[in-house]
Amino acid sequence: MTVEQFASPDPHARIAVAVLRLLFGSQYAREFGVALWDGTRIHAQNSEEFVLRIEAPGALRVAFTPPLEFSAGRAFGAGILEVDGNLERAVDAFYRAGASMRAFDRLRCLRLLRRLPKMALPPFPEAKLRGRVHSRARDRAAIGF
């Protein structure tokens, strides 16, 4: 089990770690590390595939509030969440974590997220895609955007 040593008394750091523990369950900090905005660094128990850098106290709230299909990408785009290392492994870890969360843990996670500060992100331009979903032309336009 990973034991955190916090770099500051910031209560938001403890809430962020609690969110990550709920989200990742037994996989929390097993093959990835965590670096928080306050200087807290949690090392992986095994070889470190990537480090999830959380650059602001409200970053996880931004990343995991609706619309979920855009939120994490917007948080990364704004630079308040970063990944050092294997990005593909990080995306896989987040996908698996979200897909395996039980309903009760989702509710607990939402309660914790509400205790983190709200953040306003700069507006992001969004692609105006047309055509059949996943057609070559539409996917080409999305990638080009």
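The rules behind these values
Residues numbered from 1 in each chain as written. Predicted model: local features only at pLDDT ≥ 70, side-chain atom pairs only at ≥ 80, totals over all residues. Heavy atoms only, no water. Phe/Tyr/Trp six-rings, centres within 6.5 Å; stacked < 30°, edge-to-face > 60°. Helix = DSSP H or I, 4+ residues; strand = E, 2+ residues; numbered from the N terminus. Buried < 20%, exposed > 50% of the residue type's maximum accessible area, 1.4 Å probe, protein only. Lys NZ or Arg CZ within 6 Å of the ring centre and 35° of its normal. Core = buried A, V, L, I, M, F, W, Y, C linked by side-chain atoms within 4.5 Å. Contact = heavy atoms within 4.5 Å. Pairing = 2+ DSSP bridges. Axes fitted to C-alpha atoms, helices over the stretch in contact; angles between N-to-C directions. Parallel < 35°, antiparallel > 145°, perpendicular 65-115°, else oblique. Left-handed = near helix turned anticlockwise from the far one by under 90°. Nonpolar A, V, L, I, M, F, W, Y, C, P; charged D, E, K, R; others polar.

## Remarks on the packing of aromatic side chains
And step 1. Taken as a whole and judged by the stated rule, the model has 4 aromatic pairs.
And step 2. Ring centres of phenylalanine 24 and phenylalanine 94 lie 5.2 Å apart, and the angle between their planes is 70°; on these two criteria the pair is classed as edge-to-face. One end of the pair, phenylalanine 24, is in helix 1 (residues 11-24); the other, phenylalanine 94, is in helix 4 (residues 87-100), and 70 residues separate them in sequence.
And step 3. On the basis of relative accessible area, phenylalanine 94 is assigned to the buried category, the value being 17%.
And step 4. With 5.1 Å between their ring centres and 5° between their planes, phenylalanine 32 and phenylalanine 50 make a pair best called stacked. Of the two residues, phenylalanine 32 sits in strand 1 (residues 32-36) while phenylalanine 50 sits in strand 3 (residues 50-54), which places them 18 residues apart along the sequence. Like phenylalanine 50, phenylalanine 32 is buried.
And step 5. Put simply, the rings of Phe24, Phe32, Phe50, Phe64 and Phe94 touch in pairs and so form one group of aromatic residues.
And step 6. Between the NZ or CZ atom of arginine 14 and the centre of the ring of phenylalanine 6, over which it lies, the distance is 4.2 Å.

## Some remarks on the nonpolar core
And step 1. Judged by nonpolar contacts, the single largest core of 37 residues is most densely connected at Phe24, Ile54 and Leu60.
And step 2. Listed by contribution, the elements that provide at least two residues to this core are helix 1, strand 1, strand 3, helix 2 (59-63), strand 4 (81-85), helix 4 and helix 5 (103-114).
And step 3. Broken down by element, this core gets its largest block of residues, 9 residues, from helix 1.
And step 4. The residues contacting leucine 60, other than those within four sequence positions of it, are Ala16, Val19, Leu20, Ile54, Leu81, Leu113 and Leu116.

## With respect to the environment of glycine 25
And step 1. Its place among the elements puts glycine 25 in the loop between helix 1 and strand 1.
And step 2. For the pair formed by glycine 25 and glutamine 45, sequence separation is 20 residues and the distance between their alpha carbons is 14 Å.

## Section: unusual backbone geometry
And step 1. In this structure, alanine 29 takes a positive phi of about 55° despite not being glycine.
And step 2. You can see alanine 29 is positioned in the loop between helix 1 and strand 1.
And step 3. Located in the positive-phi region is histidine 134, a residue other than glycine, with phi close to 65°.
And step 4. Within the secondary structure layout, histidine 134 lies in the loop between helix 5 and helix 6 (136-144).

## Thoughts on the environment of histidine 12
And step 1. Along the chain, the position of histidine 12 falls in helix 1.
And step 2. Beyond its immediate chain neighbours, meaning those up to four positions away, histidine 12 contacts Trp37, Pro57, Arg115, Leu116 and Pro117.

## A word on the pairing of strand 3
And step 1. Judged by how many residues are buried, strand 3 sits mostly within the fold: 4 of 5 residues are covered.
And step 2. Alignment of strand 1 against strand 3, held across 5 bridges, turns out to be parallel. Paired with leucine 36 across the two strands is isoleucine 54, which belongs to strand 3.
And step 3. Here strand 3 runs beside strand 4; their pairing, made up of 5 bridges, is antiparallel. Bridge pairing in strand 4 links phenylalanine 50 to glycine 85.

## Quick word on the packing of helix 1 against helix 5
And step 1. Running from amino to carboxyl end, helix 1 crosses helix 5 at an angle of 165°, the nearest separation of the two axes being 10 Å. Here helix 1 lies roughly antiparallel to helix 5, going by the angle between them. The interaxial crossing formed by helix 1 with helix 5 has left-handed handedness. Facing helix 1, whose interface residues are Ile15, Ala18, Val19 and Leu22, helix 5 presents Asp105, Arg108, Cys109, Leu112 and Leu113.
And step 2. Taken together, the residues of the contact of helix 1 with helix 5 break down into 7 nonpolar, no polar and 2 charged.

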